[in-house]
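Chain by chain, the residues run as shown.
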Amino acid sequence: MKQPLSHPGLNLGSTDEYSHDEAEPVIFGFWVFLMADLVLFALLFATYASMSVQGQAGGPTPADVFDLPSAFIETMLLLASSITFGMASLALKYRADGPHLVFWLALTFLLGAGFIGMELRDFQTMIAQGATPQRSGFLSAFFLLVATHGIHVTAGLVWMLVLLLQLRVQGRTTAVKLRLMRLALFWHMLDIVWVCIFTFVYLFGVAL
Amino acid sequence: MNGDAMSKPHVDSYAQDLRSYCIGGVLALLLTALAFALVAFGILPLFERLVALAVLAVLAVVQIVVHFRYFLHISWRSHRDDLQLVLFTSLILFLMVGGTIWILFNLHERMM
């Protein structure tokens, strides 16, 4: 029996009706959390927008310290990981067993880990140039905003590892499926936040 | 909660869902690459500064809509309060971010 779209993210309705019925309230609750998390990010953005212009304190400007090509590669890595997570969601919905789900999740994990690795390397380069968070209000706001996103991604990676383990131990129970669906929403949302960071922090910083 | 008369029964299939992610992925990659190219290859400095920033902001907003539509599957068809929640959150964000920037930059100009 086909079901109408009824909650954010991929719906399991057409292949697993029981899990689909369980999903609606749980996913909606998680959706409320994600919106609240967006408010947190928005305020960090607002702080950054003011600080990056008004709080340079005679120190380096955004254009001095940003490595745009590196930020572009990071964007591509995160975008690719969003797509591979989409493939994992499809495997969860349409392939009852087989290695597809674990393969796509593992690939998503590697892309996410690559993103974090590059980000840490960028931070290290900036700090080596003397652009530390203590240097100016602009740099405090920059590290606060970008690292908050990085910590979210790291939490997503830990979450992914735990779910890979649960998939192995518990198999594809309804509980594990619902957790995967929430992780998918979390992951896609972090990609949206990064699009904003790439545009309003990196591109704006260099273009100004 | 579900199956109200307003929503047409949505038939989803593997091919359709796969297409959704592929369209979303391609659009997102193109939009990111376009925004990056505009800045990295110095096309933007030809514009006036405000126009340049506006072009980048519009590209970002379009990409966000693409992500919501194709990755998170939020559309006019999604019922319950998902879309309203996104729109209301956007309104709150707009007020908070816009208000903060407006006030702080105004103050900054007066302090110069």
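Model, not experiment: these values are computed from the prediction.

Caption draft 1: View of the overall build of chain B. Counting its regular elements, chain B contains 3 helices and 0 strands. Listing the helices and strands of chain B from first to last along the sequence gives α-α-α. Buried positions account for 38% of the 112 residues belonging to chain B. Long-range pairs, those at least 24 residues apart, make up 65% of the contacts in chain B between residues at least 6 apart in sequence. Working note: accessible area of chain B is about 7200 Å², and carbon and sulfur atoms make up 73% of it.

Caption draft 2: Representation of the pattern of salt bridges in the model. What the rule picks out here adds up to 3 salt bridges over all chains. Residue B:Asp17 is joined to A:Lys93 by a salt bridge in which the shortest nitrogen-to-oxygen separation is 3.0 Å. Taken together, the residues span two chains, with B:Asp17 in helix H1 (residues 14-40) and A:Lys93 in helix H3 (residues 68-94). Among the residues examined, A:Lys93 registers a relative accessible area of 4% and is labelled buried.

Caption draft 3: The nonpolar core, seen in detail. Ranked by size, the top nonpolar core spans 89 residues in total, and within it A:Trp31, A:Phe142 and A:Tyr202 carry the most contacts. Secondary-structure elements contributing two or more residues to this core are helix H1 (17-54), H3, helix H4 (100-128), helix H5 (137-170) and helix H6 (174-207) of chain A together with H1, helix H2 (49-71) and helix H3 (82-111) of chain B. For this core, the element with the most residues is H6(A), which contributes 22 residues. Looking at this core, you find at least three residues from each of domain 1 (1-78) and domain 2 (81-112) of chain B. When sequence neighbours within four positions are dropped, the list of residues in contact with A:Tyr202 reads A:Phe66, A:Leu68, A:Ala71, A:Phe142, A:Val146, A:Trp194 and A:Ile197. Counting residues in each nonpolar core, the second largest holds 5 residues, with A:Met87, A:Leu90, B:Tyr21 and B:Phe71 among its members.

Caption draft 4: Spotlight on the interface of chain B and chain A. Across the contact, 49 residues belong to chain B and 55 residues belong to chain A. Between chain B and chain A, roughly 4900 Å² of surface is buried when both sides are summed, and carbon and sulfur atoms account for 77% of that area. On the chain B side of the contact with chain A, B:Tyr21, B:Phe36 and B:Leu72 bury the most area, a combined 13% of that side's loss. Across the chain B-chain A interface, the total number found is 1 salt bridge. At the junction of chain B with chain A, the criterion picks out 7 residue pairs in polar contact (both at pLDDT 80 or more).

Caption draft 5: Just the side chain of A:Ser70, in detail. Structurally, A:Ser70 is set in helix H3. Those residues in contact with A:Ser70 that sit more than four places away from it in its chain are A:Met118, A:Arg121 and A:Asp122.

Caption draft 6: Fine view of H2(B). Compared with an ideal rise of 1.5 Å per residue, which puts 23 residues at 33 Å, H2(B) spans 32 Å between its outermost C-alpha atoms and is within 8% of the ideal. What H2(B) keeps buried is the set B:Ala52, B:Leu53, B:Leu56, B:Leu59, B:Ala60, B:Gln63, B:Ile64, B:Val66, B:His67, B:Phe68, B:Tyr70 and B:Phe71. Among the structural elements, H1, H3 and H6 of chain A together with H1 and H3 of chain B are those in contact with the buried residues of H2(B). Positioned one or two residues after H2(B), B:His73 has a phi angle of 55 degrees, which is positive.

Caption draft 7: Quick look at unusual backbone geometry. Positioned with a positive phi, A:Ala57 is a non-glycine residue whose angle comes to about 55 degrees. Tracing the backbone shows A:Ala57 in the loop between H1 and helix H2 (62-65). Even without glycine at this site, B:His73 takes up a positive phi of about 55 degrees. Relative to the helices and strands, B:His73 resides in the loop between H2 and H3. On the basis of relative accessibility, which here comes to 7%, the residue B:His73 falls in the buried class.

Caption draft 8: Quick look at a nonpolar patch on the surface. Side chains of B:Phe41, B:Ile43, B:Leu46, B:Phe47 and B:Val51 sit close together on the surface and give an oily, nonpolar patch of about 540 Å² of accessible area. Mapped onto the elements, B:Val51 comes out in helix H2.

Caption draft 9: Molecular detail of the confidence of the model for chain B. When the pLDDT values of chain B are averaged, the result is 85; 88% of them are 70 or greater. Within the model, pLDDT remains below 50 along residues 1-9 of chain B, and this stretch shows 9 contacts once partners closer than five positions in the same chain are excluded.

Caption draft 10: How the structure looks around the packing of aromatic side chains. Per the stated rule, a full pass over the model turns up 20 aromatic pairs over all chains. On the basis of an interplanar angle of 70 degrees and a centroid distance of 5.9 Å, the ring pair of A:Phe30 and A:Trp159 is categorised as edge-to-face. Of the two residues, A:Phe30 sits in helix H1 while A:Trp159 sits in helix H5, which places them 129 residues apart along the sequence. Under the relative-accessibility criterion, A:Trp159 is labelled partly exposed at 24%. One aromatic cluster is present, built from ring pairs that chain together A:Tyr48, A:Phe66, A:Phe115, A:Phe123, A:Phe138, A:Phe142, A:Phe143, A:Trp194 and A:Tyr202. One Lys or Arg, B:Arg69, reaches over the ring of B:Tyr70 and ends 5.0 Å from the middle of that ring.

About the thresholds
- Residues numbered from 1 in each chain as written.
- Chains lettered and ligands numbered in written order.
- Predicted model: local features only at pLDDT ≥ 70, side-chain atom pairs only at ≥ 80, totals over all residues.
- Heavy atoms only, no water.
- Helix = DSSP H or I, 4+ residues; strand = E, 2+ residues; numbered from the N terminus.
- Buried < 20%, exposed > 50% of the residue type's maximum accessible area, 1.4 Å probe, protein only.
- Contact = heavy atoms within 4.5 Å.
- Areas by Shrake-Rupley, 256 points an atom, 1.4 Å probe, with all protein chains shown as cover.
- Salt bridge = Lys/Arg side-chain N within 4 Å of Asp/Glu carboxyl O.
- Core = buried A, V, L, I, M, F, W, Y, C linked by side-chain atoms within 4.5 Å.
- Domains from an automatic or database assignment.
- Buried area = accessible area lost by both parts, 1.4 Å probe.
- Polar contact = N/O pair within 3.5 Å; in protein donor to acceptor, adjacent residues only side chain to side chain.
- Expected span 1.5 Å × (residues − 1).
- Patch = residues over 30% accessible without salt bridge, like charges linked within 9 Å, V, L, I, M, F, W, Y side chains within 5 Å.
- pLDDT = per-residue confidence, 0-100.
- Phe/Tyr/Trp six-rings, centres within 6.5 Å; stacked < 30°, edge-to-face > 60°.
- Lys NZ or Arg CZ within 6 Å of the ring centre and 35° of its normal.

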